[in-house]
Protein chains: 2
Amino acid sequence: MSKKAPWITYRPELKVLDCTIRDGGLINDSQFSDDVVKSVYETCIEAGIDYMEIGYMNSPRTFPRSQYGPWRHSFEEDLRRVVGDHSAKKTGLKLAAMLDAGDKSDWQTQPLPCKDSVLDMLRVACYASQIAEAVEMLHHCHELGYETALNIMAISTVKDAEIDQVLEIARDTPAQVVVVVDSNGNLYREQIDHLVRKYMKALDGTGKEVGMHAHNNLQLAFANTIEAIILGSNRVDSTMMGLGRGAGNCPTELLLGFLRNPKFKLRPVLKTIQEKILPLRETLDWGPSIPYHITGQLNAHPRYAMSFRDGDTPDDYVAFHDLMQREE
Amino acid sequence: MSKKAPWITYRPELKVLDCTIRDGGLINDSQFSDDVVKSVYETCIEAGIDYMEIGYMNSPRTFPRSQYGPWRHSFEEDLRRVVGDHSAKKTGLKLAAMLDAGDKSDWQTQPLPCKDSVLDMLRVACYASQIAEAVEMLHHCHELGYETALNIMAISTVKDAEIDQVLEIARDTPAQVVVVVDSNGNLYREQIDHLVRKYMKALDGTGKEVGMHAHNNLQLAFANTIEAIILGSNRVDSTMMGLGRGAGNCPTELLLGFLRNPKFKLRPVLKTIQEKILPLRETLDWGPSIPYHITGQLNAHPRYAMSFRDGDTPDDYVAFHDLMQREE
């Protein structure tokens, strides 16, 4: 038994990406006020966070501007209204946006060259079956000068052989990070181990980092993020107060309180949560609750629980349990 | 990398203790209605839970009956009003109560001989410094015919050498279970590993089991319980909807949904949560929130956060953060 206590120190190369606005946008059609986005931005800088994912870069064709807020499209003029002439060098914070595969994004035409944008990184999100398009997207974004990352979603629904294939393909892309994304909030410790080890092994020698994006259906988002870190993941996603679709995400405040790198500051995050995020609860429902727990354990998409929570009897847990049993 | 998936099966010897009424009693002076206690009791039976801890067996001298409900004292007539002539043989459920060391319990006089009681187990809770009294209590309860367990509380505040000493003493007691109790909700995965391995090693060859009692300050109660199970702990504590002091406990519904033993049934637990536990939220505050997170990460007693949450500004997280920084 080790007499040492590795938990009192830190790995300098571990980087945190706050995706409060991007992931949170899934529950309010990305209709955040400029004031909220600006607060999250300034807080990320103050808190020593490495990346802020400020929105999706999706197409107004599929996500019309009449319904969706500016953080669904991440047009340059909208970003600059909040972050001005943002500079990663001056602030220590890099800005990211997420492009979805599958005709959701105008990825060939919308991103500006990196030198003309406040964005530093583009993350490509795809399902395993969309990996071919994702590869094209990564090459294009890389050629525009961006850092790139690949988020392979809903990984708990993908067979091992398919994951192996996707990772083999990912090796030859410019993606600097490949992220384990537990969209269904289904995975627990031993499954995280299995996946993170698989990703580490597949990407060994490429210089690519393994990332972790966890959902909180089983109250395991923070635990699974810690687990990935222990196994060597150096890129982790979180959101303030866990804001995000369904059960939400790994809370930034728990993560920063846990990490021992003195550059991370908890207090500014608490201040923004208290003043800007907590008030959103008056109109938005997120965070662990029994319907999300049930979809998590069934490895089902959270949309079933979101729809139930929006109905007339959000706390009729037994009815939802019975409904999902019949669906199986 | 293992190709196997141990998580789809189970260990028959793993036993669950639901302490909803006992631990939950810390936030309402054990003032549960008979109806709620009876529902939890019947639910434990239906759900295949192994033990129900129905209350503290504390002294009316220190916890006067004018203030505290019957589940703080566990007098036989109060228990029987709810569980009748309970029989573990007939129901498959064993009943437990908890005796505190340190003049909180009349342990020499209050417990009846086991044969005259509906209780099957007495758990002795003590701080490490109270181990000498706990040993006497365990011997006495054992002689009365009960199964016994030893809960060493606030273990995150005890030095390794002291834990080793306590465990050496625990070896020679009749306690069938020694429980890792994270009263402050401070521990995370590697610390749980360190402790559970230490307990397993110290108790090796005695036939005693290691138990886990986690609190949810860092949203890690379920994760830490899983971790203990992976390492071989066969006795785990949980409460319905996580009801319990401060941030609450490992939720019974998450635990049963995770365990693969088909004897465990989730539906009756969801029904009782929906009908009996959720309504308690109208007057009681429990579950993870930022003040409990702060005390958890500082390894401080949750009483600071409970007191703050009872005040006029329960969501002034920054004020609580600053207050606790000054306290340090």
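Reading the values: rules and limits
Residues numbered from 1 in each chain as written. Chains lettered and ligands numbered in written order. Predicted model: local features only at pLDDT ≥ 70, side-chain atom pairs only at ≥ 80, totals over all residues. Heavy atoms only, no water. Axes fitted to C-alpha atoms, helices over the stretch in contact; angles between N-to-C directions. Helix = DSSP H or I, 4+ residues; strand = E, 2+ residues; numbered from the N terminus. Parallel < 35°, antiparallel > 145°, perpendicular 65-115°, else oblique. Left-handed = near helix turned anticlockwise from the far one by under 90°. Contact = heavy atoms within 4.5 Å. Nonpolar A, V, L, I, M, F, W, Y, C, P; charged D, E, K, R; others polar. Core = buried A, V, L, I, M, F, W, Y, C linked by side-chain atoms within 4.5 Å. Buried < 20%, exposed > 50% of the residue type's maximum accessible area, 1.4 Å probe, protein only. Buried area = accessible area lost by both parts, 1.4 Å probe. Salt bridge = Lys/Arg side-chain N within 4 Å of Asp/Glu carboxyl O. Pairing = 2+ DSSP bridges. Expected span 1.5 Å × (residues − 1). Arc of directions from axis to C-beta. Domains from an automatic or database assignment. Polar contact = N/O pair within 3.5 Å; in protein donor to acceptor, adjacent residues only side chain to side chain. Least-squares fit on C-alpha atoms with pLDDT ≥ 70 in both.

All names here are of chain A. Taken N-terminus to C-terminus, the directions of helix H11 (residues 290-298) and helix H13 (residues 317-327) make an angle of 20 degrees; their axes are 9 Å apart at the nearest point. It follows that H11 is roughly parallel to H13 by the angle criterion. Here the hand of the crossing between H11 and H13 comes out right-handed. Each of Ile290, Pro291, Ile294, Thr295 and Leu298 in H11 lies in contact with H13, whose residues at this interface are Tyr317, Phe320, His321 and Met324. Looking at the contact of H11 with H13 residue by residue, the class counts come to seven nonpolar, two polar and no charged.

Counting 205 residues, the largest nonpolar core has Met52(A), Leu150(A), Tyr199(A), Met52(B), Leu150(B) and Tyr199(B) as its most contacted members. Leaving out residues up to four positions away in the same chain, Met52(B) has contacts with Asp18(B), Ile21(B), Val37(B), Val40(B), Tyr41(B), Cys44(B), Leu93(B), Lys94(B), Leu95(B) and Ala96(B).

So, on to the interface of chain B and chain A. Each side of the interface is counted separately: chain B has 45 residues, and chain A has 45 residues. Roughly 4,300 Å² is buried in total at the junction of chain B and chain A, and carbon and sulfur atoms are behind 67% of that figure. At the boundary of chain B with chain A, the tally comes to four salt bridges. A salt bridge links Arg189(B) to Glu227(A); the shortest N-O distance between them is 2.5 Å.

Now for the pairing of strand S2 (residues 51-56) of chain B. All names here are of chain B. Within S2, six of the six residues are buried, which leaves it mostly tucked inside the rest of the structure. Summarising the sheet, strand S1 (residues 15-18) and S2 pair through two bridges and their orientation is parallel. The partner of Asp18 across the bridge, within S2, is Met52. Relative to strand S3 (residues 94-100), S2 runs parallel, the two being bridged by five bridges. Note on S3: the bridge partner recorded for Tyr56 is Met98.

Residue and element names in this part refer to chain A. Strand order around the closed barrel formed by eight strands is S1-S2-S3-S4-S5-S6-S7-S8, with parallel pairing between neighbours. For this sheet the average axis-to-axis angle between neighbouring strands, irrespective of direction, equals 25 degrees. Most of the contacts of helix H2 (residues 34-47) go to strand S2 (residues 51-56), to which it runs at about 160 degrees, and overall it touches strand S1 (15-18), S2 and strand S3 (94-100).

Attention now moves to helix H5 (residues 131-143) of chain B. Residues and elements named next belong to chain B. Taking 1.5 Å as the rise per residue, H5 with 13 residues should run 18 Å; its terminal C-alpha atoms sit 18 Å apart, in good agreement. Of the positions making up H5, those classed as buried are Ile131, Ala134, Val135, Met137, Leu138 and Cys141. The buried residues of H5 occupy an angular sector of 165 degrees when projected down its axis, which confines them to one face. Away from its buried face, by an angle of more than 90 degrees, H5 presents the exposed residues Ala132 and Glu143. Residues of H5 that are buried make contact with S3, strand S4 (121-126), strand S5 (147-152) and helix H6 (160-171). Just beyond H5, the residue with positive phi is Gly145, at close to 105 degrees.

This part covers the domain arrangement of chain A. Residues and elements named next belong to chain A. According to the domain assignment, chain A contains domain 1 (11-282) and domain 2 (290-327). Each of domain 1 and domain 2 has a C-alpha centre, and the two are 26 Å apart. For the pair domain 1 and domain 2, the summed buried area comes to about 900 Å², and 53% of that belongs to carbon and sulfur atoms. By the criterion of area lost to domain 2, the three top residues of domain 1 are Asn184, Asn217 and Arg245, representing 46% of everything that side buries. Here domain 1 and domain 2 share zero salt bridges between them. The tally of links from domain 1 across to domain 2 stands at five residue pairs in polar contact (both at pLDDT 80 or more). For the side of domain 1 that touches domain 2, the class distribution of residues is four nonpolar, eight polar and one charged.

This part is about the relation of the copies chain B and chain A. Each copy of the sequence occupies a distinct position, and chain B is placed on chain A by a rotation of 180 degrees and an axial shift of 0.0 Å, giving an RMSD of 0.0 Å. Both chain copies can therefore be described as sitting about a two-fold axis. When the interface residues of chain B are mapped onto chain A, 100% of them again fall at the interface, so both copies present the same face.

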